[in-house]
Amino acid sequence: MRPSAHNTNVVFPGNNLVSHSITSSSVFKQPIVIGFISLVLTACGGGGGSTSTPTPTPTPADTTKPVISITGEQALTIGFGELYSEQGATATDNVDGSVSVSIAGSVNNNVNGDYELTYTASDAAGNTATATRVITVFTGNTSPESYAGYNLLWSDEFSGTALDNAKWGYDIGGDGWGNNELQYHRPENASVEGGFLIIEARKESFGGRSYTSSRINTKDKFSFKYGRVDIRAALPEGEGLWPALWMLGQNFSTVSWPYCGEIDIMEMIGGNGLENRTVGTAHWNNGGVYESNGTTKKPYAPVSYGGNYSLSGTETLANAFHIFGLTWTPNSITWYIDGVQYHTMAIDSGASLSAFQKDFFLIFNVAVGGDWPGSPDANTVFPQRMLVDYVRVFQQN
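Here the structure is a predicted model, which means the values were calculated and not measured.

Q: Looking at this structure, how should I read the overall build of the protein chain?
A: Scanning the protein chain from N- to C-terminus turns up one helix and 28 strands. Considering only intrachain contacts with a sequence separation of at least 6, the fraction spanning at least 24 residues in the protein chain is 65%. Summed over all atoms, the accessible surface of the protein chain reaches about 20000 Å², with 49% contributed by carbon and sulfur.

Q: Just to check I follow, could you spell out the nonpolar core for this structure?
A: Across soluble globular proteins, you tend to see nonpolar side chains buried next to one another. With 50 residues, the main nonpolar core has F356 and F364 as its most contacted residues. Looking at this core, the element that brings in the most residues is strand β27 (residues 360–368), giving five residues. Excluding anything up to four places from it in sequence, F356 contacts Y226, E262, I263, A282, H283, W284, W328, I333, M345 and I347. Counting residues in hydrophobic clusters, the runner-up holds 14 residues, among them I68, Y84, A91 and Y115.

Q: What is the right way to look at the packing of aromatic side chains in this model?
A: The geometry of an aromatic ring pair comes down to the distance between the two centres and the angle between the two planes. Under the criterion given, the structure shown has 17 aromatic pairs. A centroid spacing of 6.4 Å and a plane angle of 70° characterise the contact between Y147 and Y150, whose relative ring orientation is edge-to-face. Each ring, one from F224 and one from W328, has its centre 5.6 Å from the other, and the planes form 70°; the classification is edge-to-face. With a gap of 104 residues between them, F224 in the loop between β18 (215–217) and β19 (227–234) and W328 in strand β24 (residues 320–328) connect regions that are remote in the sequence. Given the relative accessible area of 2%, W328 is considered buried. In textbook terms, an aromatic cluster arises when at least three aromatic residues are bridged by ring pairs, as seen for W154, F158, W168, F222, F224, Y226, W284, W328, F356, F360 and F364.

Q: Can you walk me through the pairing of strand β20 (residues 241–249) in this structure?
A: Looking along a regular strand, one sees side chains alternate from face to face of the sheet. Taking burial as the measure, the nine residues of β20 include nine buried ones, the bulk of the element. Burial of β20 is two-sided: the residues L241, P243, L245, M247 and G249 facing one way and the residues W242, A244, W246 and L248 facing the other way are all buried. Pairing of β20 with β27, which is carried by nine bridges, proceeds in the antiparallel orientation. Of the residues in β27, the one forming a bridge with L248 is F361.

Q: I tried to follow empty space enclosed by the protein on my own but got confused; where do I start?
A: To locate leftover empty space, one rolls a probe as large as a water molecule over the atoms. The final tally for this structure, using the stated rule, is two cavities of 30 Å³ or more. Counted as a void, the second largest cavity has a volume near 30 Å³. In terms of lining, the second largest cavity is formed by Y259, W284, N285, G288, V289, A351, S352, S354 and A355.

Q: Explain the pattern of salt bridges here, please?
A: Any two side chains of opposite charge can pair, so long as their charged atoms come close to each other. Across all of its chains, the model carries 10 salt bridges by this definition. In this structure, R133 and E86 form a salt bridge, with 3.1 Å as the shortest nitrogen-oxygen distance. Here R133, found in strand β11 (residues 128–140), pairs with E86, found in the loop between β6 (75–79) and β7 (89–93); they are 47 residues apart in sequence, far enough to count as distant. The shortest N-O distance in the salt bridge between R202 and E204 comes to 3.8 Å. Judged by its relative accessible area of 25%, E204 is partly exposed.

Q: Is there a simple way to explain the sheet that holds β18 in this structure?
A: Strand pairing in a sheet takes place through backbone hydrogen bonds and is either antiparallel or parallel in direction. Ordered by their spatial adjacency, seven strands build an open sheet running β13-β18-β27-β20-β21-β22-β23, and the pairing between neighbours is antiparallel. Sheet topology places β13 (169–170) and β23 (302–310) at the edges, where each strand pairs with a single neighbour. Judged from the three bridges that link them, β18 and β27 form a sheet pairing that is antiparallel. When the sheet's bridge partners are listed, N217 is paired in β27 with I363.

Q: How do you make sense of the sheet that holds strand β5 (residues 67–70) when you look at a structure like this?
A: If you walk across this open sheet you meet the three strands as β5-β7-β8, and the pairing is antiparallel. Every interior strand has two partners, whereas the edge strands, β5 and β8 (97–99), have only one. On average, each strand axis in the sheet is inclined to that of its neighbour by 30°, with strand direction left out of account. With three bridges joining them, β7 and β8 adopt antiparallel strand pairing. Bridge pairing in β8 links D93 to G97.

Basis of the calculations
Residues numbered from 1 in each chain as written. Predicted model: local features only at pLDDT ≥ 70, side-chain atom pairs only at ≥ 80, totals over all residues. Heavy atoms only, no water. Helix = DSSP H or I, 4+ residues; strand = E, 2+ residues; numbered from the N terminus. Contact = heavy atoms within 4.5 Å. Areas by Shrake-Rupley, 256 points an atom, 1.4 Å probe, with all protein chains shown as cover. Core = buried A, V, L, I, M, F, W, Y, C linked by side-chain atoms within 4.5 Å. Buried < 20%, exposed > 50% of the residue type's maximum accessible area, 1.4 Å probe, protein only. Phe/Tyr/Trp six-rings, centres within 6.5 Å; stacked < 30°, edge-to-face > 60°. Pairing = 2+ DSSP bridges. 1 Å grid on protein atoms, 1.4 Å probe; cavity = no way out; pocket = protein on both sides within 12 Å on 5 of 7 lines; lining within 4 Å. Points joined across faces, edges and corners; volume = space filled by probe spheres on them. Salt bridge = Lys/Arg side-chain N within 4 Å of Asp/Glu carboxyl O. Axes fitted to C-alpha atoms, helices over the stretch in contact; angles between N-to-C directions.

As structure tokens, this is what we get:
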């Protein structure tokens, strides 16, 4: 088809008419200047011309939720009557930037239990995100900060933000620890938060084991002979959990167990209704350490002597803090819970009990499984925590 001609009439002031006839076989734009007026003329071929506007690309819908960041710990513990201070939370959105956060829930520091705070943030598109913080309020017993006739020899109040490496070291590994335990002990499972030492047992694979936990000790950092020990702690719960606060002879690396002696200030076996029971035990080698020549070890003959105490009613060692205590003299070792004596053992300087006339160091740990507690079952909830508020060692003046 032959291109058509396009006639364009331009009218100027004064009614002067100028007529232009333009023929083109292709689209073009050409400014025509007449007098003081500039006009852009468009011609097109192919049966007439038109310009088209590109279709804008639609903006994708915002379907992404804001991200909430809780300030401070997501799980923390406070003592009964202790004031809880809320640190809040912030939220950011990839479209709206910073968005506001609302908080729902409350904490009653005069009632024992777990309290959940919920943080909610919504963006302009209506996408909503939530996060939670759990605050545990523990009731429980306390012990005196001093005793008549005693001086404070050593303590840890766990008031910092990390374990004091000048006081504590770690036992690391997963070899069963002589009891066919199932966990791998590592430093990452021990922390200091909110004034408490926290040892956390977790169900996770590490080092060829299905559980992790932590075991800390004062070996080569602090040891003592004779005195009074107070430990304020709240324990984990569940089948297969085995928390312990205990001591070994400082010469353990030289003579090994049971020749070094062992004093269990507290052990608890979780599950089966036993979480209200503390067990205190002494272990040693019958006959002592060495033969008369002072170098040959006596035959391996471990023996033990222990006692236990069960709380009354529905109270357990897991739902409140308790004081696990020990007094140790040259003549006896005596065990307490919340100031109540429940077991004592006479000792002397004879060869068989000579281990208890030497220095001991402290060990805190949470075991999972083993010969005594057995394995966790389907009802055991992880993670589980042992919380220690303080440990204090006194000696007589």
